[in-house]
There are 2 protein chains.
Amino acid sequence: MLRLSKRADYALMAMKHLAVNGPLRAASTREISQAYDIPVELLAKVLQRLARAGLLTSQQGIHGGYQLSRPAPQISVAEVIEAIDGPLTMTACSEVDESCDQYSRCNVRDPLWRIKKRIVSALSESSVADLAADSAVSSPVMFHSPGREATVGTGQ
Amino acid sequence: MLRLSKRADYALMAMKHLAVNGPLRAASTREISQAYDIPVELLAKVLQRLARAGLLTSQQGIHGGYQLSRPAPQISVAEVIEAIDGPLTMTACSEVDESCDQYSRCNVRDPLWRIKKRIVSALSESSVADLAADSAVSSPVMFHSPGREATVGTGQ
DNA sequence: CAATCCCCGACTGGTTTAGTCGTATTTTAG
DNA sequence: CTAAAATACGACTAAACCAGTCGGGGATTG
């Protein structure tokens, strides 16, 4: 539960890469995929989605590539995730979506909605610039996490 | 992304039900499943997991059922979710888990970890009692949420 | 005109999840 | 003492979802 999809992960890595490597230079899909060992075709789709969502600008042609469409501090992590995985929803019956039959009798909608707001805040308040502020390549941090795992993320 | 599994949802609904219907009375799987229209066998598994995790006490026999093992304010939403879906992890390479090959070069681990901490806080700070504080049956709240959806949840 | 890039949709295989089924064990009412 | 009502547990199925792949375009530039 609460897991980020790989695609969203890739998206964030790419956004950080683009933020760090200057807003001047355009980076190609291939360059980024090699830098982080991401399958090219998959990353390509991710970058295309980000471009379609307006978070990146693309330039075709021999020296083309992608650039951030806005300054890094003005792009939130939430935006990136939503561009890839769609709206952030915590439950099946998110808000209006009447696709929950049983949820007419559901008793936890409102409290969960409050929690969701806090999560969305956390994601909205951190920007791509914040990602880039950390060391370019993160240092290893280690814990133990055995067995089943609930994930926090964009819901793959 | 960020979606809660149905099972986790059911777990929270059941926990609230048990919190509201007094810590005195034991509620059976059947009673809860009927109250919220949840498939009995599925709910049964969920409740058994909660019991095994120590969040519920169970009593077999003709007038058996489940009760909260602790006062509702002392049971966090995070505990419930983790009992069902396992540890809250945001990324594949959560903390120690070296199961990410490429993530040796990953550049967003640390910043994401910080975000994860905020999310875990949000989930740890709300208790089952908070869930129960809302109206027993939540009032309809409506937004629009079209198309793809990122989910906030226990990661499955 | 050819290389290098972006663009887009369709497809496949594996994993996960929701939900089911069957069987055993415990408790209690009669 | 036995039948009913519960929990306990594990194996199974079907559907959804996701990661990753493939193939065919179109744009830009040397």
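Placed above this text is the structure.
In this text, all values refer to a predicted model and were calculated from it rather than measured experimentally.

Topic: the overall build of chain A
- Secondary structure summary: chain A contains six helices and four strands in total.
- Going residue by residue from the N terminus, the α and β elements of chain A occur as α-α-α-β-β-α-β-α-α-β.
- Restricting to contacts in chain A with at least 6 residues of sequence separation, those with at least 24 account for 68%.
- For chain A, the accessible area works out to roughly 7,000 Å², and carbon and sulfur atoms hold 52% of it.

Digging into the pairing of strand β1 (residues 56-59) of chain B
- Inspection of the sheet shows β1(B) paired to strand β2 (residues 65-68) of chain B by four bridges, in the antiparallel sense. Bridging across to β2(B), B:Gln59 finds its partner in B:Gly65.

Details of unusual backbone geometry
Residue and element names in this part refer to chain A.
- Even without being glycine, Asp 37 reaches a positive phi, approximately 60 degrees.
- Residue position: Asp 37 is located in the loop between α2 (29-36) and α3 (40-52).
- Of the residues examined, Asp 37 reaches a relative accessible area of 43% and is grouped as partly exposed.

Some details on the environment of A:Ser126
- Tracing the backbone shows A:Ser126 in the loop between α5 (109-125) and α6 (128-133).
- A residue is classified by how much of its surface remains accessible, and A:Ser126, at 11% relative accessible area, is buried.
- Sequence-wise, A:Ser126 and A:Ile75 are 51 residues apart; in three dimensions their C-alpha atoms are separated by 8.5 Å.
- Apart from residues no more than four positions distant in its own chain, A:Ser126 is found in contact with A:Ile75, A:Ser76, A:Val77 and B:Ile115.
- At a separation of 2.9 Å, a polar atom in the side chain of A:Ser126 contacts the main-chain carbonyl oxygen of A:Ala122.

Overview of α5(A)
- When the terminal C-alpha atoms of α5(A) are compared, their 24 Å separation across 17 residues agrees well with the 24 Å that a helix rising 1.5 Å per residue should span.
- Along its buried surface, α5(A) packs onto α4 (77-85) and β3 (88-89) of chain A together with α1 (6-20), α4 (77-85), α5 (109-125) and α6 (128-133) of chain B.

Side note on the nonpolar core
- Core analysis: the largest hydrophobic core is formed by 81 residues, its most contacted members being A:Leu50, A:Leu123, B:Leu50 and B:Leu123.
- Beyond its immediate stretch of four places on either side in the chain, A:Leu50 contacts A:Ala11, A:Met15, A:Leu55, A:Leu56, A:Val80, A:Ala83 and A:Ile84.

Some thoughts on the environment of B:Leu42
Residue and element names in this part refer to chain B.
- Tracing the chain through its elements places Leu 42 in helix α3 (residues 40-52).
- Classification of Leu 42 as partly exposed rests on a relative accessible area of 27%.
- Counting along the chain gives 13 residues from Leu 42 to Thr 29, while the straight-line C-alpha distance between them is 9.7 Å.
- Apart from the residues lying within four places of it in its own chain, the contact partners of Leu 42 are Arg 7 and Tyr 10.

A word on the pattern of salt bridges
- Summed over the entire model, instances satisfying the criterion amount to eight salt bridges over all chains.
- When the shortest N-O distance is used, the salt bridge between A:Asp85 and A:Arg7 registers 3.5 Å. Placement of the pair is A:Asp85 in helix α4 and A:Arg7 in helix α1 (residues 6-20), with a sequence separation of 78 residues.
- Residue A:Arg7 is classed as partly exposed on the basis of its relative accessible area of 34%.
- Here B:Glu31 makes a salt bridge to B:Arg25, at a shortest N to O gap of 2.8 Å.
- Given a relative accessible area of 24%, B:Glu31 falls into the partly exposed group.
- A residue is classified by how much of its surface remains accessible, and B:Arg25, at 42% relative accessible area, is partly exposed.

Structural notes on the packing of α1(B) against α3(B)
Residue and element names in this part refer to chain B.
- Contact pair α1 / α3: the axes reach a minimum separation of 10 Å and the direction vectors enclose 70 degrees. Here α1 lies roughly perpendicular to α3, going by the angle between them. Where α1 abuts α3, its residues Arg 7, Tyr 10, Ala 11, Ala 14 and Met 15 lie against Leu 42, Leu 43, Val 46, Leu 47, Arg 49 and Leu 50.
- Taken together, the residues that form the contact of α1 with α3 break down as nine nonpolar, no polar and two charged.

What counts, and at which threshold
- Residues numbered from 1 in each chain as written.
- Chains lettered and ligands numbered in written order.
- Predicted model: local features only at pLDDT ≥ 70, side-chain atom pairs only at ≥ 80, totals over all residues.
- Heavy atoms only, no water.
- Helix = DSSP H or I, 4+ residues; strand = E, 2+ residues; numbered from the N terminus.
- Contact = heavy atoms within 4.5 Å.
- Areas by Shrake-Rupley, 256 points an atom, 1.4 Å probe, with all protein chains shown as cover.
- Pairing = 2+ DSSP bridges.
- Buried < 20%, exposed > 50% of the residue type's maximum accessible area, 1.4 Å probe, protein only.
- Polar contact = N/O pair within 3.5 Å; in protein donor to acceptor, adjacent residues only side chain to side chain.
- Expected span 1.5 Å × (residues − 1).
- Core = buried A, V, L, I, M, F, W, Y, C linked by side-chain atoms within 4.5 Å.
- Salt bridge = Lys/Arg side-chain N within 4 Å of Asp/Glu carboxyl O.
- Axes fitted to C-alpha atoms, helices over the stretch in contact; angles between N-to-C directions.
- Parallel < 35°, antiparallel > 145°, perpendicular 65-115°, else oblique.
- Nonpolar A, V, L, I, M, F, W, Y, C, P; charged D, E, K, R; others polar.

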